[in-house]
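Residue-level structural notes
Chain residues, written in single-letter form:
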Amino acid sequence: MLQHFGYTISYKKAWTTKYKTLEIAFESWEESYSYMPVWMITAQYFVLSTIVRYKTSTSMEDGDDESSKLILNRVFWTFKPCIEGFQYCKPIVQVDGTFLMGKYRGTLLTVIGQDGSRNNFPLVFAIVESRSREA
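Summary of the structure given here. Just so it is clear, the model here is predicted, and its values are computed rather than measured.

As for the overall build of the protein chain
Helix and strand counts for the protein chain stand at 5 helices and 5 strands. Overall, the protein chain shows an N-to-C arrangement of helices and strands of α-α-α-α-β-β-α-β-β-β. Restricting the contact set of the protein chain to residue pairs at least 6 apart, pairs at least 24 apart contribute 44%. Approximately 10800 Å² of the protein chain is accessible, and the part contributed by carbon and sulfur atoms is 59%.

Shown next as structure tokens:
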């Protein structure tokens, strides 16, 4: 902003503008998050033998006795090519994770194998609340 317009903006204004722009481009966090079950069902339909498991809980809205909100706690998925390719991997796997830094915090976990050519081979994916033994 300073180089292009000669104006200095505050960190808060830059942060707010970034998230408003992301919401225009990718919809709200809530709408994007609500597509997760649809995406998983679609993956199972088009990629046969895809395995998806998820755990949800419900939360009541303050002041609303009738409606409850569905909360996705964790989700696990793997695709058929990943399952079939595992037999060609070395007998060791690595678990790696990266923190999700958006509105909904959590950790994206991946399990990676190594094939005979020493290439990384993705096996399993999961989104969990935190990087813990239980998750």
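Picking up after the structure, the text goes on.
A word on the layout of surface pockets
Of the volumes computed, that of the largest pocket is approximately 570 Å³. Trp29, Tyr33, Leu100, Gly102 and Tyr104 are, among the 25 residues lining the largest pocket, the residues nearest its centre. Listed by contribution, the elements that provide at least two residues to the lining of the largest pocket are helix H2 (11–26), helix H3 (29–34), strand S2 (68–78), strand S4 (106–115) and strand S5 (120–128). If you tally residues by element for the lining of the largest pocket, the top one is H2, at 5 residues. Taken together, the residues that form the lining of the largest pocket break down as 14 nonpolar, 5 polar and 6 charged. For the second largest pocket, the calculated volume is near 280 Å³. Glu30, Tyr33, Ser34, Pro37, Tyr54, Thr56, Lys69, Leu70, Ile71, Leu72 and Tyr104 are the residues that line the second largest pocket. Of all the elements in the fold, those that place two or more residues in the lining of the second largest pocket are H3, strand S1 (51–60) and S2. Looking at the lining of the second largest pocket, the element that brings in the most residues is S2, giving 4 residues.

What to know about the nonpolar core
Counting residues in each nonpolar core, the largest one holds 7 residues, listed as Met36, Met40, Val52, Leu72, Val75, Trp77 and Phe125. Contributions of two or more residues to this core are made by helix H4 (36–46) and S2. When residues of this core are assigned to their parent elements, the largest contribution, 3 residues, is made by S2. Non-local contacts of Trp77, meaning those with residues more than four positions away in its chain, are made with Trp39, Met40, Ile51, Val52, Leu108, Val124, Phe125, Ala126 and Ile127.

Observations concerning the packing of aromatic side chains
Between two aromatic rings, the relevant description is the distance of the centres plus the angle of the planes. Counted according to the given criterion, the structure contains 6 aromatic pairs. Between the aromatic rings of Trp39 and Phe79, the centroid separation amounts to 6.5 Å while the plane-to-plane angle is 85 degrees, which identifies the pairing as edge-to-face. Taken together, the positions of Trp39 in helix H4 and Phe79 in the loop between S2 and helix H5 (80–85) put the pair 40 residues apart, joining distant regions of the chain. Ring pairing ties together the aromatic residues Trp39, Trp77, Phe79 and Phe125, which thus form one cluster.

Here's the deal with the pairing of strand S3 (residues 89–100)
Here S3 pairs with S4 via 9 bridges, running antiparallel. Note that in S4 the partner of Gly97 across the bridge is Leu109. Counted along the chain from S3 to the antiparallel partner S4, the turn is 5 residues long.

Conventions and cut-offs
- Residues numbered from 1 in each chain as written.
- Predicted model: local features only at pLDDT ≥ 70, side-chain atom pairs only at ≥ 80, totals over all residues.
- Heavy atoms only, no water.
- Helix = DSSP H or I, 4+ residues; strand = E, 2+ residues; numbered from the N terminus.
- Contact = heavy atoms within 4.5 Å.
- Areas by Shrake-Rupley, 256 points an atom, 1.4 Å probe, with all protein chains shown as cover.
- 1 Å grid on protein atoms, 1.4 Å probe; cavity = no way out; pocket = protein on both sides within 12 Å on 5 of 7 lines; lining within 4 Å.
- Points joined across faces, edges and corners; volume = space filled by probe spheres on them.
- Nonpolar A, V, L, I, M, F, W, Y, C, P; charged D, E, K, R; others polar.
- Core = buried A, V, L, I, M, F, W, Y, C linked by side-chain atoms within 4.5 Å.
- Buried < 20%, exposed > 50% of the residue type's maximum accessible area, 1.4 Å probe, protein only.
- Phe/Tyr/Trp six-rings, centres within 6.5 Å; stacked < 30°, edge-to-face > 60°.
- Pairing = 2+ DSSP bridges.

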